Amino acid sequence: MSAGRIAWIDHAKGIGIILVVMSVAALGYGAPEGGVNWMLGLADWARPFVVPAFFLIAGLFLHRGLFGSAPVYFDRKILRLAYFFALWLAIETVILNAGAFSQGLPGLTRLYLNGLAAPQSPLWFIQQLFLFYIVTRAIRRQKPARVLAAAAGLQVLAAAGLFQSGWSVLDHFAANFVFFYAGYAGASLAFGFASKAVNRLRDLGWTLAVWAGVHTAFVAMGIAGLPIVSLILGFAGTFALISAGVLLARIPAAHFIGDAGRQSFAIYLGFFIPLQLLLALVKMSGIFADTGAASLAIAAATLMIALGMHRLAMETPLRALYVRPRIFRLKPSQASGRGSLLVAPTQPDA
């Protein structure tokens, strides 16, 4: 483990990114010909808390730069995400839309612009972080309690179907900003919770078991997405993920989860393309009789490929896919190092 990192954050992020890849694989493979894909059940189970947890963790260290230099904040929090979003959207547009080459450059350009306006891939998460950083900076002097109340109300309206703009970017914002802002406003609560959990490891297993049972019941009853319920499950699941991170950080055999968490940015950027290609290959081959097993195998292979891509790229000029070159940084911030999508305290954000 790198010096200065917080182990439970790495493990919580690791669990989260693994669940994200598994869920996308399950949803992508589906259940063809009326079959049953048990991995879809996992995707449904994880949906209420995985994205909220990622956003909340992303907000935990926002206080370090929110009231600081505007150019540095813009460079490290906004321009950085814009760079990776624009770059990987271009890569996905070219690789995953081979048929559009028949339309020439105008066709690809149209697809790219559509992706900028409303991304269809998991890159929407990075776009949302971009917007969250902008909005939070703009309202930084407002009382956190008022902002949280307003954001929670917006999430409830979105869950109730009373806020439907028809534009996915705005709808995602309404559904998720409360979790990001809660990470910022409640950072001390989250760190305090994790600190106390470290001293009560024996209780964590039972606590997680109770949470899992209650959470599963809500999902099984089909009410996990209801107003208020979805908000509660989002926060409860986030603290369950923190608890799991604390617990797994003390288990040497779970080091691979922490490794995945430390590289969650690289995985998130690079997993979608190989996953889509593997989905197509597996569907054509018909090698798996069980669709759930197919989804699980695709997810496992995707994780390994995404990590392998990152490792290989970092030794070549292709490292620009994961590390923003200095030419794309503002001069005041060029002396700082690179960070990760969900940063740890000692990692700069540039």
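Everything quoted here is computed from the prediction, not taken from an experiment.

Definitions and limits used
Residues numbered from 1 in each chain as written. Predicted model: local features only at pLDDT ≥ 70, side-chain atom pairs only at ≥ 80, totals over all residues. Heavy atoms only, no water. Helix = DSSP H or I, 4+ residues; strand = E, 2+ residues; numbered from the N terminus. Rg over C-alpha atoms; globule rule 2.2 N^0.38 Å. Buried < 20%, exposed > 50% of the residue type's maximum accessible area, 1.4 Å probe, protein only. Contact = heavy atoms within 4.5 Å. Areas by Shrake-Rupley, 256 points an atom, 1.4 Å probe, with all protein chains shown as cover. Phe/Tyr/Trp six-rings, centres within 6.5 Å; stacked < 30°, edge-to-face > 60°. Salt bridge = Lys/Arg side-chain N within 4 Å of Asp/Glu carboxyl O. Expected span 1.5 Å × (residues − 1). Arc of directions from axis to C-beta. Axes fitted to C-alpha atoms, helices over the stretch in contact; angles between N-to-C directions. Left-handed = near helix turned anticlockwise from the far one by under 90°. Nonpolar A, V, L, I, M, F, W, Y, C, P; charged D, E, K, R; others polar. pLDDT = per-residue confidence, 0-100. Core = buried A, V, L, I, M, F, W, Y, C linked by side-chain atoms within 4.5 Å. Patch = residues over 30% accessible without salt bridge, like charges linked within 9 Å, V, L, I, M, F, W, Y side chains within 5 Å.

Points about the overall build of the chain
Broken down by element type, the chain carries 15 helices and 0 strands. At 20 Å, the chain has a C-alpha radius of gyration in line with the 20 Å of a compact globule built from 350 residues. Expressed along its principal axes, the backbone C-alpha trace of the chain runs to roughly 55 × 50 × 45 Å. Relative to its 350 residues, the chain shows a buried fraction of 46%. In the chain, once contacts between residues fewer than 6 apart in sequence are set aside, the share between residues at least 24 apart is 79%. Taken as a whole, the chain presents about 16200 Å² of accessible surface, with 68% of it coming from carbon and sulfur.

Observations regarding the packing of aromatic side chains
One pass over the structure, following the stated rule, counts 27 aromatic pairs. Both rings, one in Tyr73 and one in Tyr133, keep their centres 6.4 Å apart while their planes meet at 85°; by these two values the pair is edge-to-face. Taken as a pair, Tyr73 in helix H4 (residues 70–95) and Tyr133 in helix H6 (residues 124–138) lie far apart in primary sequence, 60 residues in all. Judged by its relative accessible area of 4%, Tyr73 is buried. For Tyr133, a relative accessible area of 5% translates into the label buried.

Brief notes about the pattern of salt bridges
Scanning the model with the defined rule gives 5 salt bridges in all. The partner of Asp10 in a salt bridge is Arg262, with the nearest N and O atoms 3.4 Å apart. Here Asp10 is found in helix H1 (residues 7–29), whereas its partner Arg262 is found in helix H12 (residues 255–262), with 252 residues between them in sequence. Between Arg200 and Asp203 there is a salt bridge, with the nearest N and O atoms lying 3.0 Å from each other. For Arg200, a relative accessible area of 53% gives the class exposed. Each of Asp10, Asp259 and Arg262 takes part in salt bridges that share partners, so that together they form one network.

Points about the side chain of His310
Here His310 lies in helix H15 (residues 291–313). For His310, the contacting residues outside a window of four places in its chain are Gln263, Ala266 and Tyr322.

Looking at helix H5 (residues 104–117)
Compared with the 20 Å implied by 1.5 Å per residue over 14 residues, the 21 Å span of H5 between its first and last C-alpha is a close match. Taken residue by residue, H5 has Gly107, Leu108 and Gly115 as its buried positions. Taken down its axis, H5 places every buried residue within 95° of arc, on the same side. H5 presents Leu105 and Pro106 as exposed residues on the side facing more than 90 degrees away from its buried surface. Those residues of H5 that are buried lie in contact with H4.

Some points on the packing of H1 against helix H3 (residues 50–59)
Following both chains from N to C, one finds H1 and H3 inclined at 145°, their axes separated by 10 Å at the closest point. At the point where H1 passes H3, the crossing takes the left-handed sense. Between H1 and H3, the residues in contact are Ile9, Ala12, Lys13, Gly16, Ile17, Leu19 and Val20 and Val50, Phe54 and Ile57, respectively. Partitioning the contact of H1 with H3 into residue classes produces 8 nonpolar, 1 polar and 1 charged.

Describing the confidence of the model for the chain
In this model, the chain carries a mean pLDDT of 90, and residues with pLDDT of at least 70 account for 92%. Per-element averaging of pLDDT across the chain places H5 at the bottom with 90 and helix H7 (residues 144–159) at the top with 98. Every residue in residues 335–350 scores below 50 in pLDDT, and together they form 57 contacts with partners more than four places removed in sequence or on other chains.

What about the environment of Thr291?
With respect to the helices and strands, Thr291 occurs in helix H15. In this structure the C-alpha to C-alpha distance between Thr291 and Trp45, which are 246 residues apart in sequence, comes to 18 Å.

Observations concerning the side chain of Ser230
Note that Ser230 resides in helix H11 (residues 229–248). Setting aside chain neighbours within four positions, we find Ser230 in contact with Gln155, Ala159, Phe179, Ala224 and Gly225.

A word on H11
Residue pairs spaced three or four apart in an α-helix point in one direction, given the helix's 3.6 residues per turn. Here H11 is 20 residues long and its end C-alpha atoms lie 28 Å apart, about the 28 Å a rise of 1.5 Å per residue gives. With 15 of 20 residues buried, H11 lies mostly within the body of the structure.

Comments concerning the environment of Pro71
Position of Pro71 among the secondary structure elements: in helix H4. Look at Pro71 and you get partly exposed, because its relative accessible area is 40%. With 188 residues separating them along the chain, Pro71 and Asp259 place their C-alpha atoms 32 Å apart.

Here's the deal with the nonpolar core
Core analysis: the biggest nonpolar cluster contains 91 residues, and Leu129, Phe180 and Phe271 have the highest contact counts within it. In terms of residue count, the dominant contributor to this core is H1 (13 residues). The residues touching Phe271, leaving out its near neighbours within four places in the chain, are Val20, Val21, Val24, Pro122, Thr302 and Ala306.

A word on a nonpolar patch on the surface
On the surface, Val94, Ile95 and Leu277 cluster together into a nonpolar patch covering about 240 Å² of accessible area. We classify Val94 as partly exposed; its relative accessible area is 37%.

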